[in-house]
Amino acid sequence: MDKRVKNANEAIKGIKDGMTLMLGGFGLCGIPENCISALVEAGTTNLTCISNNAGVDDFGLGLLLQKRQIKKMISSYVGENDEFERQMLSGELEVDLIPQGSLAARCQAAGSGVPAFYTPAGYGTEVAEGKEVRYFNGKPHILEHALTADFAIVKAWKGDRYGNLFFKGTARNFNPLMAMAGKITIAEVEELVEPGELDPNTIHTPGIFIQHIFQGVNYEKRIEQRTVRPRT
Amino acid sequence: MLDKTGIAKRIAQELQDGWYVNLGIGIPTLIANYIPQGISVEFQSENGILGMGPFPFEGDEDADLINAGKQTVTAMPGASIFDSATSFAMIRGQHIQLTVLGAMEVADNGDIANWKIPGRMVKGMGGAMDLVASADNIIVAMMHTNKRGASKLLKRCSLPLTGVACVKKVVTNLAVLDITPNGFKLIERAPGVSVEEIQNATEGRLIVEGDIPEMKI
């Protein structure tokens, strides 16, 4: 079982114009930098991108937005990106904003064979428009559907050729859930290790969810808000 | 009148020993700096960390360790890290005892609006809709009026809602108010602020009963 591919260009070869992609990450933390760069280079267009955020103007998904490669974004929070806001308010970019917990649960549901579920999040708001409402324990809930994608692209710290993944810190976020939800899932890792090096007890994403894996290069891992306290 | 730090200090007095607390972006984040002596609370950040610590020392920043405001943070001894589904299981499953968030508007029935100004600003709801739909104990931290001087404590929110009838308490630069079935109930005045000033700055129904004490910060 060897899921290794050479690099990002090879990993994204199957991604065609008009496809739906899921991209892991929260802000710029844990985003698949190599695959995003490869998509910019490939010029794939009319993409629907499902990602909690939309990057910043000149990094992350912002790079694909700049080149107008994204037709529609499905996200929960899109601040910090002027170009995104401009495209959205002018109507050039379709945007579907959904609550963050619902986004996570919808990815997890898709990967788990659960077609839909009820959640209290968004009841009584724009998010609930057109959705079935049902009361449980006297409280209103709305029906949310599983969210799948032609390709999910995730980024982990370490992985092996079987596709087993290990994440570092809060770079985990949406990555394990999107890994489950993609029809095809690409994992890029900072370090590709030999099978057996990852302790089976500590694997976050079992390899069964991954189809292609490669060791990325030149990770910038940009910090969005560098906040520190002085050494005293 | 309080500044943002004062609002954070006043809300910090609400913390109780053993609580798990989710702090939103902005004023709520400051609360972590004013935990009362002798109590222990753990901060949850919805991007996937429980037991979040202070900002790192200069040079120790880690791009892989941030909070929901995308700021670099640290993990306290005893912290845990998890994926976004687990994080919102904590929130939706009501395992968090206190949620503090900012708002653009709060209505006197507890409705809150904080994610969108149609045609002008759309940042998204992030985790706020999940938080307000599930949390039992929600405190809003905000200024009493907006930049144009208009009240943010209204009869009805004019902006798209984040959640309905969910806010329990509002702490502003002028006052502490509880949300009751009959509207905002004035609990405390900020130092040097009169009841009349609070009445003038509050558009929603305001209940004033008896002598209103001044906050102790």
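Here, every reference points to the structure presented above.
Residues numbered from 1 in each chain as written. Chains lettered and ligands numbered in written order. Predicted model: local features only at pLDDT ≥ 70, side-chain atom pairs only at ≥ 80, totals over all residues. Heavy atoms only, no water.

A. Up close: the overall build of chain B. Across its full length, chain B carries five helices and 15 strands. Taking 217 residues into account, the globule formula puts the C-alpha radius of gyration at 17 Å, and chain B, at 17 Å, falls close to it. By principal-axis analysis of the C-alpha atoms, chain B measures approximately 50 × 40 × 30 Å. In chain B, the proportion of contacts linking residues at least 24 apart, taken out of those at least 6 apart, comes to 60%. Total accessible area on chain B is roughly 9,000 Å²; 49% of this is exposed by carbon and sulfur atoms. (Helix = DSSP H or I, 4+ residues; strand = E, 2+ residues; numbered from the N terminus. Rg over C-alpha atoms; globule rule 2.2 N^0.38 Å. Contact = heavy atoms within 4.5 Å. Areas by Shrake-Rupley, 256 points an atom, 1.4 Å probe, with all protein chains shown as cover.)

B. Highlighting the sheet that holds strand 5 (residues 98-101) of chain B. Residue and element names in this part refer to chain B. Read across the sheet, ten strands follow the order 4-3-2-1-5-10-12-13-14-15 without closing on themselves; strand pairing throughout is mixed. In the strand order of this sheet, the two ends are held by strand 4 (74-81) and strand 15 (206-207), each with one partner. Direction of pairing for strand 12 (residues 169-171) relative to strand 13 (residues 175-180): antiparallel, over a ladder of three bridges. Each residue of the ladder has a partner; that of K169, found in strand 13, is D178. Along the sheet, helix 3 (residues 84-92) contacts strand 1 (20-23), strand 2 (42-45) and strand 3 (49-53); its crossing angle with strand 2, the most-contacted strand, is approximately 120°. (Pairing = 2+ DSSP bridges. Axes fitted to C-alpha atoms, helices over the stretch in contact; angles between N-to-C directions.)

C. Spotlight on the interface of chain A and chain B. Across the contact, 51 residues belong to chain A and 50 residues belong to chain B. When residues of chain A are sorted by the area they lose upon contact with chain B, T170, T227 and R229 of chain A head the list and together hold 16% of the total. Across the contact surface, chain A and chain B share six salt bridges. Between D60 of chain B and R231 of chain A there is a salt bridge whose closest N-O contact spans 3.2 Å. On the surface where chain A and chain B come into contact, there are 28 residue pairs in polar contact (both at pLDDT 80 or more). In terms of residues, the side of chain A that touches chain B owes the most to one element, helix 5 (residues 100-112) of chain A, which gives six residues. (Buried area = accessible area lost by both parts, 1.4 Å probe. Salt bridge = Lys/Arg side-chain N within 4 Å of Asp/Glu carboxyl O. Polar contact = N/O pair within 3.5 Å; in protein donor to acceptor, adjacent residues only side chain to side chain.)

D. Expanded view of the sheet that holds strand 7 (residues 112-113) of chain B. All names here are of chain B. The three strands are arranged 7-6-11 in an open sheet whose pairing can be described as mixed. Across the chains shown, the open sheet's two edge strands, defined by having one partner strand only, are strand 7 and strand 11 (153-154). Of the strand pairs in this sheet, strand 6 (residues 105-107) and strand 7 are connected by two bridges, and their pairing is antiparallel. Along strand 7, the bridge assignment pairs V106 with I112.

E. Examining the pattern of salt bridges more closely. Using the criterion set out here, one finds 25 salt bridges over all chains in the structure. We note a salt bridge from R161 of chain A to E194 of chain A, for which the minimum N-O separation is 3.0 Å. On the criterion of sequence distance, the pair formed by R161 of chain A in the loop between strand 8 (149-160) and strand 9 (165-166) and E194 of chain A in the loop between strand 10 (182-193) and strand 11 (212-215) is long-range, its members being 33 residues apart. Taking relative accessible area as the criterion, R161 of chain A reaches 22% and is therefore assigned partly exposed. Note that D108 of chain B and R205 of chain B form a salt bridge whose closest N and O atoms lie 3.1 Å from each other. Taken together, the positions of D108 of chain B in the loop between strand 6 and strand 7 and R205 of chain B in the loop between helix 5 (195-200) and strand 15 put the pair 97 residues apart, joining distant regions of the chain. Take D108 of chain B: its relative accessible area is 3%, and that puts it in the buried class. (Buried < 20%, exposed > 50% of the residue type's maximum accessible area, 1.4 Å probe, protein only.)

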